[in-house]
Amino acid sequence: MKIATQLRLSAGSLTVAVALAATPAFAQDEVAEQGGAAEQGGAIIVTGSRIANPNLELSSPVSFVSEDDINFRQPSSVEELLRELPSAVPSIGPGTNNGSDGSARLNLRGLGTNRNLVLLNGRRVVPRGVDNVTDLNVIPIALIQRADVLTGGASTVYGADAIAGVVNFITRKDFEGFDGRFTSGISEEGDGRSFRIDGTLGANFADGRGNAVLSMNYTETRPVLQGNRPIGLVSLSSNTGNPQGSPTAAPASIGSPFVGAVTADGEGFVIGPQNDFNFNPLNLFQTPLERFSVFGQANYEISPAVEVYSEAMFVKTIVEANLAPSGVFGSAIQVPLNNQFLSAQQAGVLCNAALGAPGGLPAGADCATEIAAGTPVTVGVLRRFTEAGPRVQKFSTNSFQFTGGFRGPLTETLNWDISGSYGESDRVTTRTGWGLLSRVRSGVAGCPAGSAPGCVPFNLFGSEGSITPEMLSFIDVPTFAFVDVAFTTAQASVSGDLGFSSPLASTPIGVAVGLEYRKYNTASFGDAVSQIPGEVLGAGAAALPILGKFDSNEAFAELVVPLIEDRPFFHNLTIEGGVRVADYSTSGSSWTWKGGGTWAPVPDFKFRGVYSRAERAPNIGELFQPQVTALTGRATDPCQGTLAQIDARGSNFQSLCLAQFALVGAPASLLGTVPAPAAGQIQSTQGGNPNLDPETARSLTVGAVATPGFLSGVTVSFDYFRIRVTDAITTPSQSDVIDGCFQATPLQNLCSQIFRNPLTGSLSGPAESTFGPVLALSNLGRISTSGFDLAATAVQDFDFGRLALSVNATWTEKFLFQATPLSINRQCAGFFSVSCGNPQPKFNSNSRLTYSNGGSSLSLQWRHLSSVSVEPLAPSPQLPVGTPTTAGPANIFPAFQKIGSYDIFDLAARQTVMDNLTLSLTVSNLFDKDPPVVGNNIGTSGTNSGNTFPNVFDAIGRRYTLGVQFTF
C-alpha cells in the first residue's frame, strides 16, 4: 500500500472510505464495510472504532444515510433526514414553533438530545448552548458523502455523553473540480417555499500530494402558517373536541377580583364565562430558516512520514418563530377606579367585586366615594394585543470551528494522529411585538410620576381595536438574550495493528490508544428587562444569567483480537474491548468500558454482541441553570370547577386544594371558582443543581447478520438492543408532582411543591407570581429502553436495469421513564401525552426501492409508523395497580385517544441530461396524506401544535422540489 493511502486511512478518519454507490438509504453496516474494504484494498476505519483494519469484524451495528439518498431527498437540512430514522424520535426542528430555540436536534432512541453526539469526520462539533447539544443546521450538507449512525455502545470510543449513540457526518475527500447544485421547492398550497444553492470547488496540488476543497451554501425556507391548513385553522380542545383557545383574548377576560369578561362593545363587564381567543392561525407549521455557510478542508503530504490536514467552517443561521399576539396573561394590574377607559358600569362592577378581595377594598367601603377618589384595585387581566400582530422571536446564530492536525505512519502497521479544534457559537435572540408589563402598568395607572418617557394611557378594557398604535409603540420595546459557547478539544492517538495475530488467525490484532482534552465555556444571559420574571409579556421564563465552564482529561484504549479464522464452524471469531477514563473538573473521575465480539461459523452468517457501561457527567445547564418559571402543558387541574366537581374527583381533593391555597396566601373562597389551565398550559419552576453526580448507563446489543452467497447483493441483520440509565439526571413531569399529590394517599412532600396563582387559585398565571409545580433536577431518575432493529438491503442487476431495495425497521419493546422513586414508571413506547412528549410508535420503518438504468433513476420511499394511543391511567408506585389519577384517556375526547398507523410516500426521479448536468424532481408526501387530529393540549406546547404533532406527522402536505446539479 502506498504511504499516502495509509495516511488518508489513519486514525483521524474514523470512517469507511467508500459506500456502494447504488446502495439505498439507511443501508446496514455490512454493505458499507464490504464495499469499503473491496474498494480500498487496504485498511479501513468505521464509525464506532478507532482501529484501522481491512477485515475488522465489529460487534456494533452501524447504519448509514447515503449520498444517493441525500440527493433523492434534496433536503434543506440534515435534520430532515435524521428525524425519519427508525431509531430516532423527532426533536426540536422546523416544525417546532412554541418552544423553539432556533436549533435542529437529534434524539436517538428517545433518550434525549443531550445523550447522543453529532460528529463531523469523527470529531465533535461546537455545541449551541448550555446543554452541550450540537445544532444540525451547521452541518455542510452539500459536501456530505454519508452519515453513519451508531446507536448504543459508543461512549468508550467518543465519550460518555454518547449513551444513545452518535451520528457521524462524512465529507467527500480528495474532491476535484466544481460541483454546483440548485434546489427549489414549494408546497402544493403555494407556500413553504425552499431555496438552496451550493457551490463546491476542489483541486489536487503539489503533484497529488495535497488537496483542498471549499464549499459554500445558501439556504432559505419560508414559513407555513397553521391558519393556512384546515387542521390548524381553529384550536381544538383535546378534552372535548370542541374549539377552545385562550382566555387571554380581545376584548379582555378578567381573572380577579371576579371571573368574567369584557363585553364585545368594550362598555361593560359580565361575570361568568371568560372570552376565548383562537391562537392557532398565526402560529407556524414550518419556521422560516435562512442559512449561509462556508466549509473548507485541506490536506498536504509534507513528507512520506507526515501529512498535515485541516478543516474550517463558518455558519450563520437565522430562524424565526411566530407566536399568537402578545398580551397581559393574568398579571396583577393596579387599576384606578376612575380610569379614563372604564365605563360607569365597569367601574361599579369592579368596585363591588373588589370589596374584601385580596388587593381590593375594605369590606363595606362606599363604591361611589372610592370611584370618585380613583382608588386603585388589583385586577387580574387577560387581554390579547391582537392589534399588534404576532409575537416575533428571531434566533440569529454565528458558529465557526477550526480543526488542524498532523498524522502519519509510526511503524509499518501503526499510525499516529495529533489534532486540535476550537469553535465558538454565538446566538442572539431578538423579541419584537411582545411588550413590557411595567409599561402596561404605567399606562393603565394613567402615567404617574416615574413612568417611562413617552408614556401613553393604556386601554385594557375596551373592545378589540381600542388599543392604538401609540399605546403599542410605548409598550413594545425590543428585548435581547444571548448565548455564547466556546469549545476547545485536543487529541493524540496511535492506532492500527500490532503486526502479529492469534495463532489461529491471520488478521493482526488491532489496537488504538490515545489522550483527549475538552473544554467548554458557556455564558447565557438576557438584557436587563429580559432578566425580570414576567416583565416581557408572554415570554415564559426569564433570561437569567448562566456562567459555567468545565474541562475533562481523558484517556482511552481499544483492542480487537481476531482469535480464530477459516476453521470449521469458526470462519471468524473476534473479541473486542475498550476502556476510557475521564477526569471532569466538575464531577471528578469516571470510567467507561465495553466488551463484545463476533462469531461467524460460516462466511455467510455471523453473530455479534457488545455490552458497555458509561458515566455521563452533568452539562453546564444541568449544573448552573438558575431556577426559572416557564410554561408547560396540562389540560386539567384537580382544583378546577365547582365544589361538586372537585369532590367527584376525590374525597380529599378539597382539603388538598385549600392547603395549596394557604401556601400562597390565596383565600379559601376561591375554591369552586378555579378556572381550567389557560390554553392547556400551566406554570412550572425548574433549574440546575450544582450537586448533581454523573449518571450511569449500561447498553447491550446482540444480533446476527446474514449475507447469503446464493443471493448476491443481499444483506439482512437483526439486532436486539437494551439501554438502561440509572442515577439519571432528570426532572419529574408536572403530572408526577400534581397527580402524585392528588391521590387517595397524598404524597405530602409533593403537595408542598405546588405554588398556585394567589389571585385565582389556578395553576396558570403570570410568571412573577405563579410558580406552579417545582420540578427539581436530581440523580433520582431511571430510563430504560429495549427493542429490535431489522435491516435488509438487496441490490441486483437485470437486463432492464438495476433494482436496489432497503428496509430498516425498529420495534421498541418498551421505553420506561421514572423521574424519581415517587414518580410513575411511565411506559411511553406506543403512547403519547404531556409527560411522554412526541408519539413513539412501537414499530417504525423506512424503506426505499430504487430503479436505475444508465443516467436515469426512479426511487420510492415508504415510511410507516404504527398506531399510538394516549398514555393510559398509570398507577403510582405507592398505591395498588389501577388506582386512578387525574391523567389518562378518561379526560381525552374519544376520537383523539388513538392515532392509527401512518404511512407516507415520497417519489424521486433523477436524470443525467449530459455528462455534467443532472436534473432531479422530488415529490414529498406523494399521496398528500393528512396528519392526525388530536387537539392542542394532549402534549407539550413544543411537540403538540396546530392540533397535531407536526414534527412527527406531515402537516404541510404534498411538496415538489426541483434540483439541478452541474459538475465539471
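What counts and how
Residues numbered from 1 in each chain as written. Predicted model: local features only at pLDDT ≥ 70, side-chain atom pairs only at ≥ 80, totals over all residues. Heavy atoms only, no water. Helix = DSSP H or I, 4+ residues; strand = E, 2+ residues; numbered from the N terminus. Rg over C-alpha atoms; globule rule 2.2 N^0.38 Å. Contact = heavy atoms within 4.5 Å. Areas by Shrake-Rupley, 256 points an atom, 1.4 Å probe, with all protein chains shown as cover. Lys, Arg positive; Asp, Glu negative; His and termini not counted. Charge placed at Lys NZ, Arg CZ, Asp CG, Glu CD. Patch = residues over 30% accessible without salt bridge, like charges linked within 9 Å, V, L, I, M, F, W, Y side chains within 5 Å. Salt bridge = Lys/Arg side-chain N within 4 Å of Asp/Glu carboxyl O. Disulfide = S-S within 2.5 Å. Buried < 20%, exposed > 50% of the residue type's maximum accessible area, 1.4 Å probe, protein only. Pairing = 2+ DSSP bridges. pLDDT = per-residue confidence, 0-100. 1 Å grid on protein atoms, 1.4 Å probe; cavity = no way out; pocket = protein on both sides within 12 Å on 5 of 7 lines; lining within 4 Å. Points joined across faces, edges and corners; volume = space filled by probe spheres on them. Nonpolar A, V, L, I, M, F, W, Y, C, P; charged D, E, K, R; others polar. Core = buried A, V, L, I, M, F, W, Y, C linked by side-chain atoms within 4.5 Å.

**Considering the overall build of the protein chain**
In terms of helices and strands, the protein chain carries 14 helices and 42 strands. Relative to a compact globule of 968 residues, whose C-alpha radius of gyration would be 30 Å, the protein chain shows 30 Å and is just as compact. Considering only contacts in the protein chain between residues 6 or more positions apart, those separated by 24 or more positions represent 73%. About 33900 Å² of surface is accessible on the protein chain, with carbon and sulfur atoms providing 61% of the total. For the protein chain, the distance from the average site of its 59 positive side-chain charges to the average site of its 78 negative ones is 2 Å.

**Side note on a nonpolar patch on the surface**
Residues Leu214, Met216, Phe292, Phe314, Phe400 and Tyr422 make up a contiguous nonpolar surface patch of about 490 Å² in total accessible area. Along the polypeptide, phenylalanine 400 turns up in strand β18 (residues 391-409).

**Looking at the state of the cysteines**
Two cysteines form a disulfide when their sulfur atoms are joined by a covalent bond. Tallied over the full model, the rule gives 5 disulfides. The disulfide partner of cysteine 447 is cysteine 455, and the gap between their sulfur atoms is 2.0 Å. One disulfide, between cysteine 447 and cysteine 455, carries an S-S torsion of -80° and so falls in the left-handed class. Assessed through its relative accessible area of 23%, cysteine 447 is described here as partly exposed. Sequence-ordered numbering of the bonded cysteines in the protein chain gives a disulfide pattern of 1-2, 3-4, 5-6, 7-8, 9-10.

**Topic: unusual backbone geometry**
Among all residues save glycine, negative phi is the norm, and among peptide bonds the norm is trans. With an omega dihedral of 0°, the bond running from alanine 250 to proline 251 counts as a cis peptide bond. Looking at where proline 251 falls in the secondary structure, it is placed in the loop between β9 (224-225) and β10 (253-256). For the bond from serine 256 to proline 257, the omega torsion is 5°, close enough to zero to count as cis. Mapped onto the elements of the fold, proline 257 is located in the loop between β10 and β11 (260-262). Although it is not a glycine, phenylalanine 569 sits at a positive phi angle of roughly 65°. Structurally, phenylalanine 569 is set in the loop between β22 (546-567) and β23 (570-584). In this structure phenylalanine 569 comes out as exposed when scored by relative accessible area, which is 64%. Look at aspartate 928: it is not a glycine, yet its phi comes out positive at around 55°. The residue aspartate 928 is located in the loop between β41 (917-924) and β42 (959-967) in this model.

**A few points about the sheet that holds strand β3 (residues 123-124)**
Strand order in this open sheet of 5 strands is β1-β4-β5-β2-β3, and the pairing throughout is mixed. Every interior strand has two partners, whereas the edge strands, β1 (62-66) and β3, have only one. Looking at chain direction, β1 and strand β4 (residues 144-151) are connected through 5 bridges and run antiparallel. If you follow valine 62 over to β4, its bridge partner there is leucine 150.

**Brief notes about the pattern of salt bridges**
Inspection of the entire model under this criterion finds 38 salt bridges. Among the salt bridges present, the one from arginine 146 reaches aspartate 148, with a minimum N-O distance of 2.6 Å. Judged by its relative accessible area of 3%, aspartate 148 falls in the buried class. The salt bridge involving arginine 802 is made with aspartate 797; its shortest N-O contact spans 2.8 Å. Ionic contacts of the salt-bridge type, sharing partners, join the residues Glu67, Arg172, Asp179 and Arg181 into one network.

**Here we look at the pairing of strand β21 (residues 510-526)**
The pairing of strand β20 (residues 479-497) with β21 spans 17 bridges and is classified as antiparallel. Each bridged residue has a counterpart across the sheet, and for serine 493 the counterpart in β21 is glycine 514. Across 15 bridges, β21 lies against β22 in antiparallel orientation. Opposite glutamate 516, over in β22, you have glutamate 554 as the bridge partner.

**A short note on the environment of glutamate 535**
Among the secondary structure elements, glutamate 535 is positioned in the loop between β21 and β22. Distance in space between the C-alpha atoms of glutamate 535 and serine 438 is 6.6 Å, their sequence separation being 97 residues. Apart from the residues within four sequence positions on either side, glutamate 535 is in contact with Gly435, Leu436, Leu437, Ser438 and Val529.

**Some words on the confidence of the model for the protein chain**
The pLDDT averaged across the protein chain works out to 90; a share of 93% of its residues lies at or above 70. Per-residue pLDDT stays below 50 along residues 1-45; that stretch engages in 139 contacts with residues further than four places along the chain or on separate chains. Under a pLDDT of 50 for its full length, residues 876-887 has, in the predicted model, 28 contacts with residues more than four places off or in other chains.

**With respect to empty space enclosed by the protein**
Estimated volume of the largest cavity: approximately 770 Å³. What lines the largest cavity is a set of 45 residues, and nearest its centre among them are Glu80, Arg83, Pro94, Gln286 and Arg959. Looking at the lining of the largest cavity, the elements with two or more residues in it are α4 (79-82), β6 (177-187), β13 (284-286), β40 (902-914) and β42. Taken together, the residues that form the lining of the largest cavity break down as 16 nonpolar, 20 polar and 9 charged.

**Things to note about the nonpolar core**
Leu136, Val167 and Phe169 are the most contacted members of the largest nonpolar core, which has 54 residues in total. Excluding residues within four positions of it along the chain, valine 167 makes contact with Leu82, Leu106, Leu117, Val118, Leu119, Ala147, Asp148 and Val149. Residues Cys351, Leu361, Ala365 and Phe458 belong to the second largest nonpolar core, which totals 35 residues.

**Some details on the pairing of strand β15 (residues 306-323)**
On a regular strand, each side chain points to the face opposite its neighbour's, so the side chains alternate between the two faces of the sheet. Relative to β15, strand β14 (residues 289-303) is paired through 14 bridges, and the arrangement is antiparallel. Pairing of glycine 296 across the sheet is with alanine 312, part of β15. Here β14 folds back onto β15 in antiparallel fashion, the turn holding 2 residues. With 17 bridges connecting them, β15 and β18 associate as antiparallel partners. Looking across to β18, one finds that alanine 312 is bridged to phenylalanine 402.

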